[in-house]
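# Structural characterization, general
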Amino acid sequence: MSVLAGVRAAIIDLDGTMLDTIPDFHVAINGMRAELGLGPITQEQIALMVGKGSENLIRSVLALDWDESRIEAAFAQAMDAYQRHYLSINGNYSTLFPQVIEGLSAMKAQGLRLACVTNKPISFTTPLLKLKGLSEFFEVVYGGDSLPRKKPDPLPLQTVCADFDLPPSQVVAIGDSSNDAQAARAAGCPVLTVPYGYNHGESIHETDSDGIVGTLLEAASLIRSHHTNS
């Protein structure tokens, strides 16, 4: 895994990588569904739908009950209700995955520059990072609506590389899904994946990455070991 030898920065995903946010989604989505006269759905159903941005999520949730024309007719109302419910509880039910703070601290101690790139809207992302004590670790944060295109498009990762004035080969992406891996491959960044996230219901072992790491602390150790050996 010599692809990690020159790494000087890391781009880290949020939902399913640093935070288990499914409980937040669950409360917000069912609040929205109640306003629309629809019954509640499960966390397991929601876990299969997250990761591709809010619009995709809400369309997927509504498609459980409605056809496309009905979804289109109610979409603006549904998004408004979802965003209102989400912002009212943002972070209240979500929890940090194990060794996230320790992993980020270790990366900073190694001199790595850190960015957070997520498909979550920036209006949700910024307060959530602050609430969970994560803001201080990141020089750069991009949400799904910060740039013209979101992951799996490489643009957010390419933008971070430009911000840091580093070639993509020196910036590792770390995430829980094929979105992260595809964006990294297209940008020319090495990529590590975690096995505990959401990944649209697919096995992370089927995702093209440079390695699976059990925690962000393990990722930090792996990067450090390649620096030591290079």
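Residues numbered from 1 in each chain as written. Predicted model: local features only at pLDDT ≥ 70, side-chain atom pairs only at ≥ 80, totals over all residues. Heavy atoms only, no water.

What follows is about the overall build of the protein. In terms of helices and strands, the protein carries nine helices and seven strands. At 18 Å, the protein has a C-alpha radius of gyration in line with the 17 Å of a compact globule built from 230 residues. Projected onto the principal axes, the alpha-carbon positions of the protein cover approximately 60 × 30 × 30 Å. When each of the 230 residues of the protein is scored for burial, the buried share is 53%. Long-range pairs, those at least 24 residues apart, make up 69% of the contacts in the protein between residues at least 6 apart in sequence. Of the roughly 9700 Å² of accessible surface on the protein, 51% is carried by carbon and sulfur atoms. The average position of the 16 basic charges and that of the 26 acidic charges among the side chains of the protein differ by 4 Å. (Helix = DSSP H or I, 4+ residues; strand = E, 2+ residues; numbered from the N terminus. Rg over C-alpha atoms; globule rule 2.2 N^0.38 Å. Buried < 20%, exposed > 50% of the residue type's maximum accessible area, 1.4 Å probe, protein only. Contact = heavy atoms within 4.5 Å. Areas by Shrake-Rupley, 256 points an atom, 1.4 Å probe, with all protein chains shown as cover. Lys, Arg positive; Asp, Glu negative; His and termini not counted. Charge placed at Lys NZ, Arg CZ, Asp CG, Glu CD.)

Here we take up the layout of surface pockets. Computed from the structure, the largest pocket encloses a volume of approximately 170 Å³. Every residue lining the largest pocket is counted, 14 residues in all, and those nearest its centre are Ser-54, Glu-55, Gly-144, Asp-145 and Lys-150. Mapped onto the lining of the largest pocket, the elements with two or more residues apiece are helix H3 (54-62) and helix H4 (68-89). Class assignment for the residues of the lining of the largest pocket results in four nonpolar, five polar and five charged. (1 Å grid on protein atoms, 1.4 Å probe; cavity = no way out; pocket = protein on both sides within 12 Å on 5 of 7 lines; lining within 4 Å. Points joined across faces, edges and corners; volume = space filled by probe spheres on them. Nonpolar A, V, L, I, M, F, W, Y, C, P; charged D, E, K, R; others polar.)

Let us now look at the UniProt feature "binding site: Mg(2+)" (unreviewed entry) in the protein. The UniProt feature table records "binding site: Mg(2+)" (unreviewed entry) at Asp-13, Asp-15 and Asp-176. The greatest C-alpha distance among the residues just named is 8.3 Å, despite their covering 164 residues of sequence, which places them together in space. Checking the annotated residues one by one, the ones that line the largest cavity turn out to be Asp-13, Asp-15 and Asp-176. Mapped onto the fold, Asp-13 is located in the loop between strand E1 (9-12) and strand E2 (19-20). Discounting residues that sit within four places of it in the chain, Asp-13 has contacts with Met-18, Val-117, Thr-118, Lys-151, Ile-174, Gly-175, Asp-176 and Asp-180. In terms of polar contacts, Asp-13 uses its side chain to reach the side chain of Lys-151, at 3.0 Å. (UniProt positions renumbered as here; feature names shortened; annotations may be inferred. Polar contact = N/O pair within 3.5 Å; in protein donor to acceptor, adjacent residues only side chain to side chain.)

Splitting the protein by domain gives domain 1 (2-20 + 95-225) and domain 2 (22-89). Averaged C-alpha coordinates put domain 1 and domain 2 at centres separated by 26 Å. The interface of domain 1 with domain 2 comprises twelve residues on the first partner and 14 residues on the second. Across the interface of domain 1 and domain 2, roughly 1100 Å² is buried in total on both sides, 63% from carbon and sulfur atoms. For domain 1, the biggest contributors to the area lost against domain 2 are Phe-124, Tyr-198 and His-200; these three give 49% of the whole. Counting the contacts that link domain 1 with domain 2 gives zero salt bridges. For the interface between domain 1 and domain 2, the tally reads six residue pairs in polar contact (both at pLDDT 80 or more). Across the side of domain 1 that touches domain 2, the residue classes tally to three nonpolar, five polar and four charged. (Domains from an automatic or database assignment. Buried area = accessible area lost by both parts, 1.4 Å probe. Salt bridge = Lys/Arg side-chain N within 4 Å of Asp/Glu carboxyl O.)

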